[in-house]
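Here are the chains, one letter per residue:
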Amino acid sequence: MKKLTTLLAATALASLMGTAAWSKTFVYCSEASPEGFDPGLYTGGQTFDAAAHTVYNRLVEFKRGTTEIEPALAESWDISADGKEYTFKLRKGVKFQTTEYFTPSRELNADDVIFSFERQYKEDNAWNKYVPGASWEYFSGMGLPDVIDKIEKIDDLTVKITLKRPEAPLLANLGMPFISIVSKEYADKLQADGKMELMNQQPLGTGPFTFVAYQPDAAIRYKANPDYWGGKQAIDDLVFAITTDAAVRAQKLKAGECHLMSYPNAADVAELKADPNLNISEQAGLNVAYLAYNTLVAPFDKVEVRKALNMAVNKQAIVDAVFQGAATVAKNPIPPTMWSYNDAVEDDKYDPEAAKKMLEDAGVSGLKMKIWAMPVARPYMLNARRAAELMQADLAKIGVEVEIVSYEWAEYLKLSSDKDRDGAVMLGWTGDNGDPDNFLDTLLGCDAVGGNNRAQWCDKEFDDLMTKAKETADVAERTKLYEEAQVIFKREAPWNTIDHSLAVVPMSKKVSGFVQSPLGDFVFEGVDIAE
Amino acid sequence: MSTVQNTADTKTGGTPPSGLSEFWFYFSRNKGAVIGLFVFLVILFVAVFAPFVAPHSPSSQNRELLLLPPVFQQGGMWGHILGTDAVGRDILSRLIYGARFSLFIGLVVVTLSVVSGVLIGLVAGYFRGKVDTFIMRIMDIILAFPSLLLALVLVAVLGPGLLNAMIAISLVNQPHFVRLTRAAVMTEKSKDYVVGSKVAGAGTLRLMFLTILPNCLAPLIVQATLAFSAAILDAAALGFLGMGAQPPTPEWGTMLAEAREFIQRAWWVVTFPGLAILITVLAINLMGDGLRDALDPKLKRS
Amino acid sequence: MFRFIFGRLAVLIPTFLGVSLIAFSFIRLLPGDPVMLMSGERVMSPERHAELMHQLGLDRPMYIQYFDYLAGLLTGDFGSSIVTKRPVLDDFLQLFPATIELSLCAIILAVVLGIPAGVLAAVKRGTWLDQSIMGVALVGYSMPIFWWGLLLIIFFSGYLGWTPVSGRISLMYFFPQVTGFMLIDSLISGQAGAFKSAVTYLILPTIVLATIPLAVIARQTRSAMLEVLGEDYVRTARAKGLSPFRVIGVHALRNAMIPVITTIGLQVGVLLAGAILTETIFSWPGIGKWMVDSVFKRDYAVVQGGLMLIAAVIMIVNLVVDLLYGWVNPRIRH
């Protein structure tokens, strides 16, 4: 029987209907079509779910349900005392997947790892421009071209990465989907056959699931990889049913057409919770929405003014109106699921009376300001205009007149970075790798002024902590530094931290073994379904 | 989509109605048209006097009564005859205010496309030659795109919103008027009365606007009616796709788009806005049929 | 005849150039630049921005970009998506069969129901039957089809549970794409129940998309029939004592069909416009949904290429209809 299922699963043409009695098929109702299947090329979460977390592995990965790094294709690693040399020992006996087109002749080795890195930044690599407009957005977005000096093979199973400067967040970066390890042998064969574009259409890696087929805008099919180094999965087939409409996803889940869905409508959550056949998993998302003042422009260069404005806004009302409860009020710039989150920090209390007085004491009266509201819904802020209207009403109570402005999204992103921007801008951030540096330094560091640092806030004390933390490899020590940074942040109030939205994952009661990822990924390794 | 029958009819659409009473005689023979006119007048009345007719403000939210069903269903109440939406706004009031938007859209679009279309069509049909070829080539280009797709992309370029949606719809509608006017002008131009005025020394503008245009009006009026209803449909479709009027505007298509997520839970938030669109468009189309009967001598015969 | 064909083709070329110019300039008029959107909230360094603009060729003068684009079109290169990096033409060819399948089913339904309904209404002119057929047709003609689709989903999928909500076939079935037409592929696959499943997924979208063409065809058939029935030769045929069925079915219908065929040809644009809404409602993976999604993702390259390809399809179909019409009705050739 076991043999029969494998046989059937192996024939790509096998009807799932026909094999339903014998094989276990897990259906996931996903929210969007993947941009492609080469994780290095893209930035969309749906792409990473469809390619990186199914077909591929990385040197290190995030422990399920956490943002902690654990060994994956690298069994262990050493970091030199100066923090500039990382030596990875690769796992032995890792097999790449076998498909009709390709049968691997060797196991994973250092060549594959080096190739996976070099194709993303060495312009003389034949694969650097293998699709038109390939830009390796994440690799450069995370600053790796400026950090990595060279990557060398020590022996078949040892790889050494040398950095230009110490960079403690590197390990977390290497756990990210974009740096998945691809097969050099497969790449060579594609190149020899003149079919390089297949790298992005028929992915092949070391992961738990083997890619079978993609039906555009409809479904992606995988089967369990029998040779997976982590052991063959309990389910035989995995199907992503692409369903862009959240209400339809919910309906399919209730009808039993899929086992698990992503991103329900906030309005549907209550009903899904009431369904006796469903389980709901909830977790604070790795994100933050904020209102950034321009700290270079008077009177917002004064801490008291920023504090007063923060105290005048009823954030709980915003969370209720915009998220219908599916979010928590934010007090720190990093979300509570992230290590080093400082729960001892006290939020500015909602107190219009005190705020009004504080503003008067600061010598500010008749203040008129602009609030920028995003034109699009983002996971951390579903309806920016509604939130802005609520702030407008709150601030009116302390005598501040607010004008709400908005621009087309690309314009908004660009104009909001301007140093002489007029007004406070609403925006947010979704974490990439679970490292606090990815929030704190990226969004509030001095280097980011005129860029990601929309508050244009450069605080020497805060920035020194960031630099120090980057150079420190020890996590306990880094935790202390980041906790301190959060205290400074709250004291100086460059932002009004608005909310962290809640990630809700409804699934059938038959599903077991699914662990929600704080990074917002949908990972199906280890799931099972009861008959 | 509606031009098909009418372009075919233009060759005969020359004779003007000889009087209002004759017009009414033929119009009122079509019972559907009279019903359509009546319904349209009711909608017009409701739209104009919305603040007095509507039981609630279209934007006031009653947070106690979210997704309240209509009165005839269990759980409904007389305060909200057609129920409430997801944030507790009265659906009936929103529909009543929505009528303003729909009629306004129809009016603006028809005015814009008729004025521009007739002017361009007059020029093309009167001068012929290279001007004509050039104009008709441009119209061909516009007509080579599905109208809704072109409007959608245009609105994306201009930025989503009611005003831009109206501009986009006018632009994609206007070639029909150009073609119609041009065809009518071409037939009229060779007729004796035109040649006569020309000989008598009438200037070009006078010939175009005072001699020829009035005699081409009948098919234009019929087409304008159809364009009116088509504009309401297109604007609602754009609103539905999220590119027309933006929430919280109580435009019917936009209301439908907002209601989509409640399709399984609250049928009324989905049903009523669509019904409002259908009734309005149907009433106008009924009138259009009546107008054609009354204005088109060829069909009068049959 | 050849002169006629060549004449029509010669007209197509400037139109096509105009279409390309419009599609090209539209996306340049869109606010914001596509490169900014590639990194979302993460701000791109000015150097990186310039590098990517250069890589995509967006830093060159407009006219050079345009001529480059035209040169690409001649070699069948419609550009590549900014989001997926896949060639626009590949995506179009992969998704187009789904739209054709839906549109064909819709037009067949519209013709099969619309012509008899129109004939019946004409023959029974003035009776309650005529009035109800024309009444229903006018309702169909006035229908906001995006709402109509939602109503059908609420009733047939939600309340009765008879039809699926969205998609092309149940996920239980999986077979290779041969023709791209689900009905045919499901038959070829030989899997039990696959064809039936494909049909159930097709029913509601077909009804929705057929609604307006059906109404137009019924109305057009009726008025064409009325005209023909009044002609002398029909009266003569009647007077000769031919059976009414023969008179209507053979003599009258054949002549009435000429304007109706033109009407059907003109429905192509209507169908593609309708496909945008229908595919969006039913998550039908065709080019209508593809275009709407691309507009929202601001995938300018796809919007530009898609506009071109769709306009080209419409122009070609119109040309074919024109030629057919000229062939059926030689009078208009000159």
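Residues numbered from 1 in each chain as written. Chains lettered and ligands numbered in written order. Predicted model: local features only at pLDDT ≥ 70, side-chain atom pairs only at ≥ 80, totals over all residues. Heavy atoms only, no water.

- Looking at an unreviewed UniProt entry, one finds chain B named Dipeptide ABC transporter permease DppC, with Shinella yambaruensis as its source organism.
- Reading the Subcellular location (unreviewed entry) entry of the UniProt record for chain B gives the comment "Cell membrane". (UniProt positions renumbered as here; feature names shortened; annotations may be inferred.)

Things to note about the overall build of chain A
Turning to step 1, where the next piece is worked out: When you go through chain A residue by residue, the secondary structure sums to 18 helices and 20 strands.
Turning to step 2, where the next piece is worked out: Computed over the C-alpha atoms, the radius of gyration of chain A is 25 Å, within 12% of the 24 Å expected from 2.2 N^0.38 for a compact globule of 531 residues.
Turning to step 3, where the next piece is worked out: Overall, the C-alpha framework of chain A stretches about 80 × 55 × 40 Å when taken along its three principal axes.
Turning to step 4, where the next piece is worked out: Counting across all 531 residues of chain A, residues that qualify as buried make up 60%. (Helix = DSSP H or I, 4+ residues; strand = E, 2+ residues; numbered from the N terminus. Rg over C-alpha atoms; globule rule 2.2 N^0.38 Å. Buried < 20%, exposed > 50% of the residue type's maximum accessible area, 1.4 Å probe, protein only.)

Quick word on the interface of chain B and chain C
Turning to step 1, where the next piece is worked out: At the junction of the two partners, chain B supplies 45 residues and chain C supplies 49 residues.
Turning to step 2, where the next piece is worked out: For the chain B and chain C pair, buried surface summed over both sides reaches about 4,300 Å², with 79% attributable to carbon and sulfur atoms.
Turning to step 3, where the next piece is worked out: The interface formed by chain B and chain C includes 1 salt bridge.
Turning to step 4, where the next piece is worked out: If you look at where chain B meets chain C, you find 4 residue pairs in polar contact (both at pLDDT 80 or more).
Turning to step 5, where the next piece is worked out: Of all the secondary-structure elements, those providing two or more residues to the side of chain B that touches chain C are α1 (3–9), α6 (129–143), α7 (147–158), α11 (217–240) and α13 (267–295) of chain B.
Turning to step 6, where the next piece is worked out: In terms of residue count, α13 of chain B provides more of the side of chain B that touches chain C than any other element does, 13 residues in total.
Turning to step 7, where the next piece is worked out: Of the residues that constitute the side of chain B that touches chain C, the class distribution is 31 nonpolar, 8 polar and 6 charged. (Contact = heavy atoms within 4.5 Å. Buried area = accessible area lost by both parts, 1.4 Å probe. Salt bridge = Lys/Arg side-chain N within 4 Å of Asp/Glu carboxyl O. Polar contact = N/O pair within 3.5 Å; in protein donor to acceptor, adjacent residues only side chain to side chain. Nonpolar A, V, L, I, M, F, W, Y, C, P; charged D, E, K, R; others polar.)

A short note on the UniProt feature "domain: ABC transmembrane type-1" (unreviewed entry) in chain B
Turning to step 1, where the next piece is worked out: The positions that UniProt labels "domain: ABC transmembrane type-1" (unreviewed entry) are, in the present scheme, residues 99–288 of chain B.
Turning to step 2, where the next piece is worked out: End-to-end, the C-alpha atoms of residues 99–288 of chain B are 19 Å apart, and along that stretch the chain is 82% helix and 0% strand.

Points about the nonpolar core
Turning to step 1, where the next piece is worked out: Residues Leu238 and Val269 of chain B together with Phe146 and Leu307 of chain C are the most contacted members of the largest nonpolar core, which totals 157 residues.
Turning to step 2, where the next piece is worked out: At 15 residues, α11 of chain B tops the list of elements feeding residues into this core.
Turning to step 3, where the next piece is worked out: Apart from residues lying up to four places away in sequence, Phe146 of chain C is in contact with Leu233, Ala236, Ala237, Phe240, Leu256 and Ile277 of chain B together with Leu277 and Ile281 of chain C. (Core = buried A, V, L, I, M, F, W, Y, C linked by side-chain atoms within 4.5 Å.)

Overview of the interface of chain B and chain A
Turning to step 1, where the next piece is worked out: Across the boundary between the two partners, chain B contributes 5 residues, which contact 7 residues of chain A.
Turning to step 2, where the next piece is worked out: Taken over both partners, the interface formed by chain B and chain A buries close to 640 Å², and the fraction arising from carbon and sulfur atoms is 44%.
Turning to step 3, where the next piece is worked out: In terms of surface lost to chain A, no three residues of chain B exceed Glu261, Gln264 and Arg265 of chain B, which account for 65% of the buried area on that side.
Turning to step 4, where the next piece is worked out: Inspection of the region where chain B meets chain A yields 1 salt bridge.

Focus: the UniProt feature "transmembrane region" (unreviewed entry) in chain B
All names here are of chain B.
Turning to step 1, where the next piece is worked out: UniProt feature "transmembrane region" (unreviewed entry): in the numbering of this structure it lies at residues 33–54, 101–127, 147–172, 220–245 and 266–287.
Turning to step 2, where the next piece is worked out: Within residues 33–54, the helical portion is 91% and the strand portion 0%, while the C-alpha atoms at the span's ends are 27 Å from each other.
Turning to step 3, where the next piece is worked out: Helix makes up 81% of residues 220–245 and strand 0%, whereas the separation of the span's terminal C-alpha atoms amounts to 28 Å.

Quick word on the packing of aromatic side chains
Turning to step 1, where the next piece is worked out: Scanning the entire structure with this criterion turns up 52 aromatic pairs over all chains.
Turning to step 2, where the next piece is worked out: Between Tyr263 of chain A and Phe522 of chain A, the ring centres sit 6.0 Å apart and the planes meet at 70°, which makes this aromatic pair edge-to-face. With Tyr263 of chain A in the loop between β11 (260–261) and α10 (269–274) and Phe522 of chain A in the loop between β19 (511–512) and β20 (528–529), the pair connects residues that are 259 residues apart, well separated along the chain.
Turning to step 3, where the next piece is worked out: Through successive ring pairs, a cluster of aromatic residues spans Phe26, Tyr28, Phe37, Phe211, Tyr214, Tyr222, Phe240, Tyr263, Phe514, Phe522 and Phe524 of chain A.
Turning to step 4, where the next piece is worked out: Above the ring of Tyr141 of chain C, the side-chain terminus of Arg219 of chain C is found at 5.4 Å from the ring centroid. (Phe/Tyr/Trp six-rings, centres within 6.5 Å; stacked < 30°, edge-to-face > 60°. Lys NZ or Arg CZ within 6 Å of the ring centre and 35° of its normal.)

Observations regarding the sheet that holds strand β7 (residues 158–163) of chain A
All names here are of chain A.
Turning to step 1, where the next piece is worked out: Read across the open sheet, the 4 strands follow the order β4-β5-β7-β6; overall the sheet is antiparallel. On the outer flanks of this sheet lie β4 (74–79) and β6 (148–155), each paired with one strand and no other. When strand polarity is set aside, the average angle formed by the axes of neighbouring strands in this sheet is 20°.
Turning to step 2, where the next piece is worked out: With 6 bridges connecting them, β6 and β7 associate as antiparallel partners. What sits directly across from Lys150, in β7, is Thr162.
Turning to step 3, where the next piece is worked out: Strands β5 (85–90), β6 and β7 of the sheet are contacted by helix α4 (residues 110–121), whose axis makes an angle of about 165° with β6. (Pairing = 2+ DSSP bridges. Axes fitted to C-alpha atoms, helices over the stretch in contact; angles between N-to-C directions.)

Some words on the state of the cysteines
Residue and element names in this part refer to chain A.
Turning to step 1, where the next piece is worked out: All told, the structure shown has 2 disulfides over all chains when counted by the stated rule.
Turning to step 2, where the next piece is worked out: The disulfide bridge from Cys29 ends at Cys258, spanning 2.3 Å between sulfur atoms. Where Cys29 bonds to Cys258 through sulfur, the torsion about that S-S bond is close to -100°, and the disulfide is left-handed. Of this pair, Cys29 sits in strand β1 (residues 25–30) while Cys258 sits in the loop between α9 (246–254) and β11, and the two are 229 residues apart along the sequence. Here Cys29 and Cys258 have matching classes, each one buried.
Turning to step 3, where the next piece is worked out: Among the cysteines of chain A that take part in disulfides, numbered as they appear in the sequence, the pairing is 1-2, 3-4. (Disulfide = S-S within 2.5 Å.)

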